Amino acid sequence: MAERSTSTAPQVVNSGRLAVGQMVVVGTTAALFLRDTTNGGWVMLAFLVGVHAMLLAGVAALLAVTYLLGTLTRHGSRLTERPGPRFGWTLLVGVGGAALVRYGRTALGDLGFDPDRHTEVGRWLLGLGAALVVGAFSRSRPVRIASAALIAVFVVGTAALRALG
């Protein structure tokens, strides 16, 4: 009797470890990406080519780097294993991370903490937001649940504090 071959996805040995690794790589890169972009030569270049052109170039560069990181850490999520879904994952991480960071900066501002006065904290908020979104789309169920729970606790907790204050 001939053996039947079934095509299945490759088994990933330690999906939780790969997912956390992907979160750390993307989150740290997002935080470091903004380092020193608000002063020095970048500001002068923005005056020369225009702020909107610089913002567009920055967003495009961040999305390109995120796509590259998804390629390099492709086993951390089912969405990053192939190029097409990886593009969607890149947009989800970019938009979701930016929305979470924007909400966080506003909520913290309303609670009396000004991220603009502490720029390093603002950068790491971006990294944390991106990392949590990456975790929400990871291969590992425990990492997905923990990331989604942390996002929910942050959003609900800050909303409750804002309502009380």
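Residues numbered from 1 in each chain as written. Predicted model: local features only at pLDDT ≥ 70, side-chain atom pairs only at ≥ 80, totals over all residues. Heavy atoms only, no water.

A.B. asks: Pulling in residues and values, what's your account of the overall build of the protein?
C.D. replies: Counting its secondary structure elements, the protein contains six helices and zero strands. When the helices and strands of the protein are placed in sequence order, the string is α-α-α-α-α-α. Across the 165 residues that make up the protein, the buried fraction comes to 28%. Within the protein, contacts between residues at least 6 apart in sequence are counted, and of these 70% link residues at least 24 apart. When the accessible surface of the protein is split by element, carbon and sulfur atoms take 68% of a total near 10400 Å². (Helix = DSSP H or I, 4+ residues; strand = E, 2+ residues; numbered from the N terminus. Buried < 20%, exposed > 50% of the residue type's maximum accessible area, 1.4 Å probe, protein only. Contact = heavy atoms within 4.5 Å. Areas by Shrake-Rupley, 256 points an atom, 1.4 Å probe, with all protein chains shown as cover.)

A.B. asks: So what about the pattern of salt bridges? Which residues, and what values?
C.D. replies: All told, the structure shown has two salt bridges when counted by the stated rule. Of the charged contacts, one joins Arg-139 and Glu-81 as a salt bridge, the two residues approaching to 1.9 Å between their closest N and O atoms. Here Glu-81 lies in the loop between α3 (51-72) and α4 (83-110) and Arg-139 lies in the loop between α5 (119-136) and α6 (141-164), a separation of 58 residues in the sequence. Relative accessible area serves as the criterion here: at 9%, Arg-139 is assigned to the buried category. The shortest N-O distance in the salt bridge between Asp-110 and Arg-162 comes to 2.7 Å. (Salt bridge = Lys/Arg side-chain N within 4 Å of Asp/Glu carboxyl O.)

A.B. asks: Requested: an account of the packing of aromatic side chains, with residues and values cited.
C.D. replies: The geometry of an aromatic ring pair is captured by the separation of the ring centres together with the interplanar angle, meaning the angle of the planes. Counting across every chain of the model gives one aromatic pair. Taken together, a centroid distance of 6.1 Å and an interplanar angle of 90° make the contact between Tyr-103 and Phe-154 edge-to-face. On the criterion of sequence distance, the pair formed by Tyr-103 in helix α4 and Phe-154 in helix α6 is long-range, its members being 51 residues apart. Assessed through its relative accessible area of 23%, Tyr-103 is described here as partly exposed. Residue classification places Phe-154 among the partly exposed residues on the basis of a relative accessible area of 26%. One residue, Arg-86, lies across the ring of Tyr-67, its end atom 5.4 Å from the ring centre. (Phe/Tyr/Trp six-rings, centres within 6.5 Å; stacked < 30°, edge-to-face > 60°. Lys NZ or Arg CZ within 6 Å of the ring centre and 35° of its normal.)

A.B. asks: So, the nonpolar core: which residues are in play, and what are the values?
C.D. replies: Counting residues in each nonpolar core, the largest one holds 16 residues, and the members touching the most others are Met-23, Val-26, Trp-89, Val-93 and Val-134. Counting residues per element, the ones that place at least two in this core are α1 (15-33), α4 and α5. Setting aside its immediate chain neighbours within four residues, Met-23 contacts Ala-131, Leu-132, Val-134, Gly-135, Val-143 and Ser-147. (Core = buried A, V, L, I, M, F, W, Y, C linked by side-chain atoms within 4.5 Å.)

A.B. asks: Any chance you could break down the confidence of the model for the protein for me, citing the residues and the numbers?
C.D. replies: For the protein, the average pLDDT comes to 81, and 84% of its residues sit at 70 or higher. Taken as a whole, residues 1-7 scores under 50 in pLDDT and shows zero contacts with residues more than four places along the chain or in a different chain. (pLDDT = per-residue confidence, 0-100.)

A.B. asks: Lay out the packing of α4 against α6 in plain terms, naming residues and giving numbers.
C.D. replies: Look at α4 against α6: their axes get within 10 Å of each other, and the N-to-C directions meet at 30°. Taken as axis vectors, α4 and α6 run roughly parallel relative to one another. In the crossing of α4 with α6, the sense of the turn from one axis to the other is left-handed. From α4, Leu-100, Tyr-103, Gly-104, Thr-106, Ala-107 and Asp-110 reach across to α6, where they touch Ile-151, Phe-154, Val-155, Thr-158, Ala-159 and Arg-162. When grouped by side-chain class, the residues that make up the contact of α4 with α6 number seven nonpolar, three polar and two charged. (Axes fitted to C-alpha atoms, helices over the stretch in contact; angles between N-to-C directions. Parallel < 35°, antiparallel > 145°, perpendicular 65-115°, else oblique. Left-handed = near helix turned anticlockwise from the far one by under 90°. Nonpolar A, V, L, I, M, F, W, Y, C, P; charged D, E, K, R; others polar.)

A.B. asks: If you had to explain a nonpolar patch on the surface to someone new, which residues and values would you point to?
C.D. replies: Nonpolar side chains collect at one region of the surface, where Leu-111, Leu-161 and Leu-164 lie side by side and expose about 320 Å² of accessible area between them. For Leu-164, the location among the structural elements is in helix α6. Residue Leu-164 is classed as exposed on the basis of its relative accessible area, which comes to 75%. (Patch = residues over 30% accessible without salt bridge, like charges linked within 9 Å, V, L, I, M, F, W, Y side chains within 5 Å.)

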